[in-house]
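Breakdown of the fold
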Amino acid sequence: MTIAALHTIFLKSSGICTDTRTLKSNQLFFALKGDNFDGNQYAEHAINQEALYAVIDDQNIPSNNKFIHVDNVLETLQKLATYHREYLEIKIIALTGSNGKTTTKELINTVLKTTYATSATKGNLNNHIGVPLTLLSMNKETEIGIVEMGANHVKEIELLCSIAKPDFGYITNIGKAHLEGFGSLEGILQGKTELYRYLQKTDNLVFLNTEDNKLADAAANNKTFTFSQNDSTDTTVSFIKATPMVSLCFRALTIHSNLIGTYNFTNIAAAIAIADYFNIPAETIKTAIESYTPKNNRSEIVRFKNHKIILDAYNANPTSTSAAINNFATLPYTSKSVFLGDMFELGEYSLIEHEKIVEQLLSTDIDQIILIGQNFYKTTTNHPKITKFPSFDTFKEQWNISLLSNGNLIKGSRGMKLERIVSLLNDPE
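Residues numbered from 1 in each chain as written. Predicted model: local features only at pLDDT ≥ 70, side-chain atom pairs only at ≥ 80, totals over all residues. Heavy atoms only, no water.

1. Quick word on a nonpolar patch on the surface
Stated precisely, the cut-off is as follows: By definition, no residue in a patch forms a salt bridge, and every one has over 30% relative accessible area; like charges are joined within 9 Å, nonpolar side chains (Val, Leu, Ile, Met, Phe, Trp, Tyr) within 5 Å. All accessible-area figures derive from a Shrake-Rupley calculation using a 1.4 Å probe, and residue coverage is judged against the displayed protein chains alone. Any carboxyl oxygen of Asp or Glu that lies within 4 Å of a side-chain nitrogen of Lys or Arg is treated as forming a salt bridge with it. Counting from the N terminus, the helices are DSSP H or I runs at least four residues long and the strands are E runs at least two residues long. Relative accessibility decides the category of a residue: with a 1.4 Å probe and only protein chains considered, values under 20% of the type maximum give buried, values over 50% give exposed, and everything between is partly exposed.
On the surface, a cluster of nonpolar side chains totalling about 260 Å² of accessible area is made up of Leu-11, Tyr-83 and Tyr-87. On the secondary structure map, Tyr-87 appears in helix α3 (residues 73–88). A residue is classified by how much of its surface remains accessible, and Tyr-87, at 32% relative accessible area, is partly exposed.

Here it is in structure tokens:
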């Protein structure tokens, strides 16, 4: 079956499903394979659950009028997504980077949807499967699609660009994320800037923070729309303060965000610049930014009695953790505690990067440092301020409300699930 013919069937369906546990009637089931599962084994079950068709690549499964046999289900899904993207003839903004991708995506969507019909990546569907599913969730009503692209090795962004064919691109920053896969900071820069090289090749536009010298150099041959705190750029956004929420100035308007930390200033500024490019009025931008509240454990404020907790437990790497510590150290709490969980995917750099974070913590006025996880447990730096636990379970065994200070920061990689600390607040002591 051709992709065009499959697309005709797709348009008559209720959408795409890759997991029979969430299958809805009239959807197309794509039998994807993973390390520990084979979707082909669930094809018949999908049809029994009223899937319109099941797309399979196991040639040993007998043909019937509800199975669509293809050579490779994943490649077919990706080709269908590209075909659908071209069929829609919409503008696609792609964004990637080491930190702040999801927050920036949500901010861009919040502002653009005031004026345009937008569709954006849901959750973290930002890989070789998530990007196609994001594109296939868009329809003829969509005017602008906002596609988040994640990567942990070189050539991945290149692949995602070939699928999504973006008209615009933005890279948040280059930091120490996925060092295990990229091998080095230079590898991360090369991998992320595959977006720039794609946009250069297609003569499309990069949104660029000119204050980031690495990215400014990498985009030297691209068409750009620039922003910074400098009047010489296309859009000027000025930082005011972050105590702890970020306030900034745009077109003589003061914008009071609900985002914590100086590190979120650039994320907000990027959304403002992109909205400015799309001719959204400054007052509308201000209202939209001020309406956005972070969720899903990203820089949330949790209040418990006389304790304030910055819950930033969605993910962590050396760059984002260092920035969070620097910001937290500046806040005017009467006492401060930090709860840090391990940072994953650092490979051979793991021990040294965890040691660096401990050294940074000890250079601040933070009163109490609680480290959770095997990587932090292996660090050699000892100090009366520091308490180490090899796992969350061992931490939980010794949990006591007295561990909280007036101000608290919780941060760790997704696998650490440190939001569980908040759930302990209402447990009996």
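Resuming the write-up.
2. Topic: the domain arrangement of the protein chain
Keep this limit in mind: Just so you know, the domain bounds were taken from an automatic or database domain assignment. Two residues form a contact once any of their heavy atoms are found within 4.5 Å. Two parts placed together each lose some accessible area under a 1.4 Å probe, and the buried area is that loss summed for both. Whenever a nitrogen or oxygen atom comes within 3.5 Å of another N or O atom, the pair is scored as a polar contact, on the condition that within protein one atom can donate a hydrogen and the other can accept it, and that pairs from neighbouring residues in sequence are kept only if both atoms are in side chains. Nonpolar residues are Ala, Val, Leu, Ile, Met, Phe, Trp, Tyr, Cys and Pro. Charged residues are Asp, Glu, Lys and Arg, and all others, Gly as well, are polar.
For the protein chain, the domain assignment lists domain 1 (3–71), domain 2 (90–291) and domain 3 (300–425). The C-alpha-based centres of domain 2 and domain 3 are spaced at 28 Å. Taken together, the contact pairs 20 residues of domain 2 with 19 residues of domain 3. Counting each side, the surface lost to burial between domain 2 and domain 3 is near 1500 Å², with a carbon and sulfur contribution of 55%. A per-residue breakdown of the area domain 2 buries against domain 3 is headed by Lys-176, Ile-260 and Tyr-263, which together make up 37% of the total. Remark: the boundary between domain 2 and domain 3 carries 1 salt bridge. Lys-176 is the partner of Glu-353 in a salt bridge, and the nearest nitrogen-oxygen pair spans 3.3 Å. Applying the counting rule to domain 2 against domain 3 returns 8 residue pairs in polar contact (both at pLDDT 80 or more). Looking at the side of domain 2 that touches domain 3, its residues break down into 7 nonpolar, 11 polar and 2 charged.

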